[in-house]
Amino acid sequence: MENWSVDQVCNWLRQRNLAELVPKFREEEVSGAALLALNDRMVQQLVKKIGHQAVLMDLIHKYQQQKSGLESLTRSLPVPKAIDRQMLNSSRPVEQKKYLCTTENEEGLIDHRVLKQKKNLKSFFARYKTLQWTSSYALPDFPYDVKCLLAEKKCPDHSMRIRIIEFLQADMTKYLEGSLYPNSQQYNIVVNALLQAYPFLDEDGNGFLLWKRALKDRFKYVRRPIEDDEQVLRNKCKFGHRRGQTRKSSFAENKPDDVQVQAEEEPVHLEGGAMDVHIKWLKQEYMKTQRNWKEVDNRMNVTIEVRRKMIGNKAPLKEILRLFPFLRCPYQLFREFQLLTHMDIYKKTVEILEVYSENILSLYVVRNNPINIMLQENLKRHTEEDILKYMKMTAACLLLPDVFGDDSSLFAAVNEEVKVVTPVLEVKNPFNVNSCEFALYVEREELAQLDDCTMALAALVAAFHVFDIPCPKRIHRTLSFLESLVFEVRSPASLPAQTKKGLEAPEYPST
């Protein structure tokens, strides 16, 4: 930090949410050395807000403490006798550096040892910093409303989760002395500290991976607009990032050549005023009973770029649905999925259930499942082929997680209250033709009412992709099976084999 220029100091301020101080620091030409030399009175003259003064002095104080600790550690390290301690000083004269390489024998050997010793010191300091994280990391002081929510042991909604992640990211950056590239172990330490302090945040048993993924995404979001930081630019070049380049969908390789989707059209770039007009029209049209669906399609096409950007930047789901309420309609949800993947998910889901329903119901693993027992009782009351087929497809849909050994509560809540925040189906009276109800829930709020099990299953798979929601590990095998069939991969997943042979499968009326 001592050697930082004024620009580097200003960039450091931006990373710590102190961008308001940048103009004053530029005006006063505060470099890294000047920053560390600031006292309380100087800070008061530079910074008007007391909160900013406190944050700035705390950052400077912690950096100085850390630096003094590392210097004392360096002094206590043993130095080999063959190497003079003065050789490790980076400020040695140029003549001395040249002298080390003047011959190919003793002097060259000494120079090699010096370089090796420096390398060992560098790796030692890296390990020492990691140990510092492990032994001394403490969660940041969250805002008052977040504290109240956590004290009540209430699971936060999407917007509150974002606030928690933002504070964790800012706190990690402070520990990293401005770096925006934590390593995996540091992510693990922070997420573990969060879940140990608030165990209820790990509500579905997969909280660690979800919080770690969200924290990584936050760092990516912070790094994305930065164009003047040396470390960020170096890593962008290292990993092949190019300005203005968008990541190709992982499913683009699987799209058929004969599929024609309007997403292939060039994206339309709109000014803020024009975009507001489209969004206002969509919100007004959604409130009508008779809707102009052709115009809805056109305006959803025009606004897809800003919508995908919001979702990619992890905007709150409520805000996305407020601006684009037609995503609550199953037809528009499926259409958005098709624009992204070039696949008709509803058509594919119909084919999957028609082909696999009999095989799913014949598996021994679901023989004594309550859903299967309920199905058998209701099959006896009907003789119509259409009703029998509908019931079997419904049962096959609801039994999928049990077939793959996944957690069915993360897939569908049958005659129960929804308890998870990830996309899940709510199903009531599944085998009652007159009173069955299907609904898609996201973040414990109803997103859409659905007509039948086929539409419900298609909406569930589409929601994960359209809203870019990570799949919970305990339902991963079920969704992977469905996606391999939807996207027509070369080697699709298959149903598990029978675990017990020689046992008769339950008999059902023939269709």
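What you are looking at is a predicted structure, and each value in this text was computed from that prediction instead of being measured. (Residues numbered from 1 in each chain as written. Predicted model: local features only at pLDDT ≥ 70, side-chain atom pairs only at ≥ 80, totals over all residues. Heavy atoms only, no water.)

Caption draft 1: View of the overall build of the chain. Broken down by element type, the chain carries 22 helices and four strands. Counting across all 511 residues of the chain, residues that qualify as buried make up 42%. Intrachain contacts of the chain at a sequence separation of at least 6 include 65% that bridge at least 24 residues. A total accessible area of about 29100 Å² is found for the chain, and carbon and sulfur atoms account for 51% of it. (Helix = DSSP H or I, 4+ residues; strand = E, 2+ residues; numbered from the N terminus. Buried < 20%, exposed > 50% of the residue type's maximum accessible area, 1.4 Å probe, protein only. Contact = heavy atoms within 4.5 Å. Areas by Shrake-Rupley, 256 points an atom, 1.4 Å probe, with all protein chains shown as cover.)

Caption draft 2: Main features of the sheet that holds strand 4 (residues 445–450). Read from one edge of the open sheet, four strands run 1-2-3-4, paired in mixed fashion. Each of the sheet's edge strands pairs with one partner strand only, and the pair in question is strand 1 (412–414) and strand 4. Across the sheet, the axes of successive neighbouring strands diverge by a mean angle of 25°, strand direction being ignored. Pairing of strand 2 (residues 424–428) with strand 3 (residues 437–442), which is carried by five bridges, proceeds in the antiparallel orientation. Looking across to strand 3, one finds that Leu-425 is bridged to Leu-440. The strands that helix 21 (residues 453–466) touches are strand 2, strand 3 and strand 4; relative to strand 3, the one it contacts most, it runs at about 5°. (Pairing = 2+ DSSP bridges. Axes fitted to C-alpha atoms, helices over the stretch in contact; angles between N-to-C directions.)

Caption draft 3: View of helix 1 (residues 6–15). All of the buried residues in helix 1 are Val-9, Cys-10, Asn-11, Trp-12, Leu-13 and Gln-15. Positive phi shows up at Asn-17, right after helix 1, with a value of about 60°.

Caption draft 4: How the structure looks around a positive patch on the surface. Taken together, Lys-216, Lys-220, Arg-224 and Lys-309 make up a surface patch of like positive charges. Secondary-structure assignment places Lys-216 in helix 11 (residues 207–223). (Patch = residues over 30% accessible without salt bridge, like charges linked within 9 Å, V, L, I, M, F, W, Y side chains within 5 Å. Salt bridge = Lys/Arg side-chain N within 4 Å of Asp/Glu carboxyl O. Lys, Arg positive; Asp, Glu negative; His and termini not counted. Charge placed at Lys NZ, Arg CZ, Asp CG, Glu CD.)

Caption draft 5: The arrangement of the packing of aromatic side chains in detail. For the coordinates displayed, the defined rule picks out eleven aromatic pairs. Considering the side-chain rings of Tyr-198 and Phe-200, the 6.2 Å spacing of their centres and the 70° angle between planes classify their relative orientation as edge-to-face. The partly exposed category is assigned to Tyr-198, whose relative accessible area is 21%. What makes Phe-200 buried here is its relative accessible area of 17%. (Phe/Tyr/Trp six-rings, centres within 6.5 Å; stacked < 30°, edge-to-face > 60°.)

Caption draft 6: Spotlight on the packing of helix 20 (residues 385–403) against helix 21. One way to put it is that helix 20 packs onto helix 21 with a least axis distance of 9 Å and a crossing angle of 30°. Taken together, the axes of helix 20 and helix 21 are roughly parallel relative to one another. Within the contact between the two elements, helix 20 uses Met-393, Thr-394, Cys-397 and Leu-400 and helix 21 uses Cys-453, Thr-454 and Leu-457. Its residues placed into classes, the contact of helix 20 with helix 21 shows five nonpolar, two polar and no charged. (Parallel < 35°, antiparallel > 145°, perpendicular 65-115°, else oblique. Nonpolar A, V, L, I, M, F, W, Y, C, P; charged D, E, K, R; others polar.)

Caption draft 7: Highlighting the pairing of strand 4. Summarising the sheet, strand 3 and strand 4 pair through five bridges and their orientation is antiparallel. Bridge pairing links Ala-439 to Gln-449 in strand 4.

Caption draft 8: Fine view of the pattern of salt bridges. All chains considered together, the criterion is met by 19 salt bridges. Between Glu-28 and Lys-24 there is a salt bridge, with its nearest N and O atoms 3.7 Å apart. Residue Arg-213 is joined to Asp-217 by a salt bridge in which the shortest nitrogen-to-oxygen separation is 3.2 Å. Placement of both Arg-213 and Asp-217 in helix 11 is noted, with a separation of four residues, approximately one turn of the helix. A single network of salt bridges, built from pairs that share partners, joins Arg-213, Asp-217, Lys-314 and Asp-468.

Caption draft 9: Fine view of the packing of helix 17 (residues 330–341) against helix 21. Where helix 17 contacts helix 21, the axes come no closer than 9 Å and their chain directions differ by 50°. With respect to helix 21, the element helix 17 is oriented oblique. Both helix 17 and helix 21 take part in a crossing whose hand is left-handed. For the pair helix 17 and helix 21, the contacting residues are Pro-330, Leu-333, Phe-334, Glu-336, Phe-337 and Leu-340 in the first and Met-455, Ala-458, Ala-459, Ala-462, His-465 and Val-466 in the second. Classifying every residue of the contact of helix 17 with helix 21 by side-chain character gives ten nonpolar, one polar and one charged. (Left-handed = near helix turned anticlockwise from the far one by under 90°.)

Caption draft 10: Focus on the nonpolar core. Counting residues in each nonpolar core, the largest one holds 84 residues, and the members touching the most others are Phe-337, Ile-345, Leu-425, Leu-440, Leu-450, Phe-467 and Leu-482. By residue number, the principal contributor to this core is helix 21, which donates twelve residues. If near-sequence neighbours (up to four positions away) are discounted, Ile-345 is found in contact with Phe-334, Phe-337, Ala-458, Val-461, Ala-462 and Val-486. (Core = buried A, V, L, I, M, F, W, Y, C linked by side-chain atoms within 4.5 Å.)

Caption draft 11: Expanded view of the confidence of the model for the chain. Per-residue pLDDT for the chain averages 75, and the proportion of residues at 70 or more is 72%. For residues 242–271, every residue scores under 50 in pLDDT, and the model assigns this stretch 33 contacts once sequence neighbours within four places are set aside. Note on residues 499–511: pLDDT is under 50 here. Beyond four places in sequence and across chains, it has 24 contacts. (pLDDT = per-residue confidence, 0-100.)

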